[in-house]
Structures are given as structure tokens and as C-alpha cells.
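Topology and contacts: notes
Chain by chain, the residues run as shown.
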Amino acid sequence: MRIIPTLKTERLTASAAPEAVTAETSSETELPYTVIPQETEKAEVVVKQVEKPRLVMKFIWMEKNIGLALDQVIPGHGTVPISPYFFWPRKDAWEELKSTLESKPWISQKKKIILLNQATDIINLLQQSGGYLS
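Worth saying up front: this structure is predicted, and the values here are computed from it rather than measured. (Residues numbered from 1 in each chain as written. Predicted model: local features only at pLDDT ≥ 70, side-chain atom pairs only at ≥ 80, totals over all residues. Heavy atoms only, no water.)

1. Topic: the overall build of the protein
- What the protein contains, in helices and strands, is two helices and six strands.
- For the protein, the succession of helices and strands along the chain, N to C, is β-β-β-β-β-β-α-α.
- Going through the 134 residues of the protein one by one, you find that 21% of them count as buried.
- Considering only residue pairs separated by 6 or more positions, the protein has 33% of its internal contacts joining residues 24 or more positions apart.
- If you sum the accessible surface of the protein, you get close to 10,900 Å²; carbon and sulfur atoms cover 55% of it. (Helix = DSSP H or I, 4+ residues; strand = E, 2+ residues; numbered from the N terminus. Buried < 20%, exposed > 50% of the residue type's maximum accessible area, 1.4 Å probe, protein only. Contact = heavy atoms within 4.5 Å. Areas by Shrake-Rupley, 256 points an atom, 1.4 Å probe, with all protein chains shown as cover.)

2. Digging into the pattern of salt bridges
- The final tally for this structure, using the stated rule, is two salt bridges.
- For the salt bridge of Lys-58 with Asp-71, the shortest nitrogen-to-oxygen distance reads 3.1 Å. Of the two residues, Lys-58 is situated in strand E3 (residues 54–61) and Asp-71 in strand E4 (residues 66–74); the sequence distance between them amounts to 13 residues.
- Take Lys-58: its relative accessible area is 35%, and that puts it in the partly exposed class.
- Its relative accessible area of 7% is what places Asp-71 among the buried residues.
- Residue Lys-98 pairs with Glu-102 through a salt bridge whose shortest N-O separation is 3.9 Å. Placement of the pair is Lys-98 and Glu-102 together in helix H1 (residues 93–102), with a separation of four residues, close to one helical turn. (Salt bridge = Lys/Arg side-chain N within 4 Å of Asp/Glu carboxyl O.)

3. Quick look at the confidence of the model for the protein
- Across the protein, pLDDT averages 76, with 67% of residues at or above 70.
- Mean pLDDT values over the elements of the protein span from 45, in strand E2 (residues 21–29), up to 94, in strand E5 (residues 78–81).
- Between residues 8–15, whose pLDDT stays under 50, and residues either more than four places distant or in other chains, the model counts 25 contacts.
- Here residues 17–29 is modelled with pLDDT under 50, and outside its nearest four sequence neighbours on either side it reaches 22 contacts, counting other chains as well. (pLDDT = per-residue confidence, 0-100.)

Encoded structure:
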């Protein structure tokens, strides 16, 4: 007995006796080859937002003086000093900071104003406290 594949699904069952081969046929038609459905994968590119470098004003609080300095923080890489510490009231730290900022054309005018205003607030706080920060 020879079984010829058809376009229908056939399931063969066998018993102990070689003469007793039966075939069951389902009603589903099938191709003579197997079609494996392919899942379409969407290629996703995750773009991590790169944080921009930012300017940070640093302070050294001392008994009667305050030191002001600027650093540039580069996320993932560290800190780069932009200026030395300027000490008030030994020198006019605000003017020295302003000169340093003006020499950096890559710093926006808006950011320069914000940084100078922060320096003013800190210097005023030191003056209002009578020179002592506690």
C-alpha cells in the first residue's frame, strides 16, 4: 500500500498488524509545504536624550569671605573649570566674574545674566548678614 500525499491534511495511524493502516483526513486543505508565518519586527532605534553641558556656579563659604567660581558640567564626562575662584570682599568678585563671562562668547547673554544675578544674590546675603554666614 502506497500513500500519496494530497492537498489535504492526512494523519496516519498504525496498529500492530501491518495490514491495518488507516488514514484519517481532515477537511482543512493544506499546501504540500509548510508556511511559517514571519512576524514582522519593527526596528526600533532608541535615541537617548543627550544632556547638554550646563554651567554651575560654585561657592566657597568662609567666615568673612565668599569665593565664586564657574564650572561646566558635561554629563557622563565630568566637570571642567571655567574660571578660578573670585573672592569677595577681597576683590570685586562680581566684576571679575562678569569679565570672565564676557570673554566666553559661547555662553548666551541670557545665561550670563542669570549667573551674575545668582552671584549678586549670594553677595547680598553675605552683606546683609554683616559679613558672617552661619
